[in-house]
Amino acid sequence: MAFNWFRRPNSESAEVPTPATQEETPTPEATPSETTIPDTADLLAFAKAAYKNIQEKQVETETPVAVEEETPTTTEEVTAPVAEITEDVVTPTEPEQIETPALSFLERAEAEREAKQEKLIASAIETPAPETEIAITEPEPRPEVEVIELEFDDGFVWSAEVLAAQGRKAEDISIEEITWLKKLRQGLDKTRRNILNQIKSIVGQGPLNQNAVNEIEALLLQADVGVEATDYIINALQKKLLAEVTPPEEAIAYLKQILRDMLDAPLANKPPSSFAPTKDTLTIWLMTGVNGAGKTTTIGKLSHLAQKSGYNCLIGAADTFRAAAVEQVKVWGQRSGVEVIANPGKNTDPAAVVFDAITAAEARQTELLLIDTAGRLQNKKNLMDELTKIRRIIAKKAPNAHVESLLVLDATLGQNGLRQAEVFSQAAQLSGVVLTKLDGTAKGGVALAVVQQLGLPIRFIGAGEGIEDLRPFSSYEFVEALLSG
């Protein structure tokens, strides 16, 4: 019953339509034409069907509770025979009382005492019966059933539209996906309001002139898209919009296609699910980044996500440089229900902690090991060399493990975080980026800058402070949340 976020069906299907849309038409509506009908009434009917299906699934998850509540009735049936047994135990006393007239006075008194003791014993046997009933009702299934309140509002309809455009069916849509898409759209609201309406007004004036190009360029730079990525987008737009008069909606659809192609470029030669953990195989994610980027918090959220997705997860607390870093990881481990491997000593060797964590992961048949490393600046050579040492330990201790090195970047830093990423990519052999705090900035375009300038794929994005507010990155969903009105 666990929803595997690392192997979502729409994250794979979203990458399939992009080549077809480049060859035929730039509008994304051409790709999902088989499943999504541009009619508003049909889209609303699809959203209603998805909403009804989610409600039915929630009712089904609640029904096992009623079945379990019926189990105490069996205890009454169990206790009934106990009462019958006690009556049988008392009945042997009656024939003894029949023989009492032939006994002496003292023997009769002893027989009466024995009869009273048997009655007391019989009543004492009956008293523990309620205790057995209480013991049976101890396991409470209520915490396992998480009822999420879901409203049928504009956010739900938009989320259903995004999922339908990726080929999803109404009966396959889950409440977890709807909740996340609504959070993502809300998190990118500041960036969307800054650029969407202005771009629509610019491209709606007719073929682009130099002034219009300059205005679009300024908007992209304000959103921290970066100079290199902005030049790429402007050149691609000019080829389309200078040649013909394009309605604003078609121009926005063409811009969405450009952005999706940019975000998917680093993964062009990799299978869609190559990054996801594999069952019965050890996968190690080495988390790096500067202090304050949300690295430890990201580890806690990733461990929670892995647990929900059905993976055996473990955390290695190798950040022995920062004070209270280990305690912070332990708190997140308790919140997510994941064990933390740490060294009780102070200023211990991080490589030794990594060695112990890998040993524990292999013994526990762990599928995903998250390693927290010390937050460091890119100019701290000794700390950067420490990353190289940790990589050597991993290669020696777990040569068959699938290793990924993720850099946690604070989206509020914008272009200032790119220099960090450049240096980290050299020392830590980065294979991806986790972009956090998108909900607190109007510079969500930094995702495009990271991909264009560093050639690194974005693996996860965070759009809130809650433990549920970090999910795998989808270029289609990100662009729709960024540029949909």
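Values in this document were obtained by computation on a predicted structure and should not be read as measured data.

About the criteria used
Residues numbered from 1 in each chain as written. Predicted model: local features only at pLDDT ≥ 70, side-chain atom pairs only at ≥ 80, totals over all residues. Heavy atoms only, no water. Helix = DSSP H or I, 4+ residues; strand = E, 2+ residues; numbered from the N terminus. Buried < 20%, exposed > 50% of the residue type's maximum accessible area, 1.4 Å probe, protein only. Contact = heavy atoms within 4.5 Å. Areas by Shrake-Rupley, 256 points an atom, 1.4 Å probe, with all protein chains shown as cover. Phe/Tyr/Trp six-rings, centres within 6.5 Å; stacked < 30°, edge-to-face > 60°. Pairing = 2+ DSSP bridges. Axes fitted to C-alpha atoms, helices over the stretch in contact; angles between N-to-C directions. Expected span 1.5 Å × (residues − 1). Core = buried A, V, L, I, M, F, W, Y, C linked by side-chain atoms within 4.5 Å.

Some words on the overall build of the protein chain
1) Next: When helices and strands are tallied, the protein chain shows 20 helices and eight strands.
2) Next: For the protein chain, buried positions account for 48% of its 485 residues.
3) Next: Excluding contacts between residues fewer than 6 apart, the proportion of contacts in the protein chain whose partners are at least 24 apart in sequence is 80%.
4) Next: Carbon together with sulfur atoms contributes 52% to the accessible area of the protein chain, which is approximately 24,200 Å² in total.

Observations regarding unusual backbone geometry
Trans peptide bonds make up the majority, and among non-glycine residues the majority have a negative phi.
1) Next: Its identity as a non-glycine residue notwithstanding, Asp224 has a phi of 65°, on the positive side.
2) Next: Tracing the backbone shows Asp224 in the loop between α11 (210-222) and α12 (227-241).
3) Next: Although it is not a glycine, Asp280 sits at a positive phi angle of roughly 65°.
4) Next: The topology assignment puts Asp280 in the loop between α13 (248-264) and β1 (283-288).

Regarding the packing of aromatic side chains
1) Next: Within this structure, the stated rule accounts for five aromatic pairs.
2) Next: Ring geometry for Tyr51 versus Phe152: centroids 5.4 Å apart, planes at 65°, classification edge-to-face. Of the two residues, Tyr51 sits in helix α3 (residues 40-69) while Phe152 sits in the loop between α7 (129-136) and α8 (154-165), which places them 101 residues apart along the sequence.
3) Next: Judged by its relative accessible area of 32%, Phe152 is partly exposed.
4) Next: Note on Tyr51 and Phe156: the rings are 5.3 Å apart at their centroids and 85° apart in plane angle, and the pair reads as edge-to-face.

Structural notes on the sheet that holds β1
Sheets are built from strands paired through backbone hydrogen bonds, the pairs being either parallel or antiparallel.
1) Next: What the eight strands build is an open sheet, ordered β3-β2-β4-β1-β5-β6-β7-β8; its pairing is mixed. Single-partner strands in this sheet number two, and they are β3 (339-341) and β8 (470-472). Mean inter-strand twist for the sheet, computed between neighbouring axes without regard to direction, equals 25°.
2) Next: As paired elements, strand β5 (residues 402-410) and strand β6 (residues 432-436) share five bridges and run parallel to each other. Within β6, the residue paired with Val408 across the bridge is Val434.
3) Next: Strands β5, β6 and β7 (458-462) of the sheet are contacted by helix α19 (residues 446-454), whose axis makes an angle of about 165° with β6.

Observations concerning helix α10 (residues 189-203)
1) Next: Over its 15 residues, α10 extends 21 Å from the first C-alpha to the last, a length consistent with the 21 Å expected when each residue adds 1.5 Å.
2) Next: Within α10, burial applies to Thr191, Arg192, Ile195, Leu196, Ile199, Ile202 and Val203.
3) Next: Contacts from the buried residues of α10 go to α9 (175-187), α11, α12, α13 and α20 (475-483).

Side note on the nonpolar core
1) Next: In this structure, Ile233, Leu259, Trp285, Phe460, Ile461, Phe478 and Leu483 are the most contacted members of the largest nonpolar core, which totals 107 residues.
2) Next: Other than its neighbours up to four places away in sequence, Ile233 contacts Leu220, Val225, Leu255, Ile258, Leu259, Met262 and Leu448.

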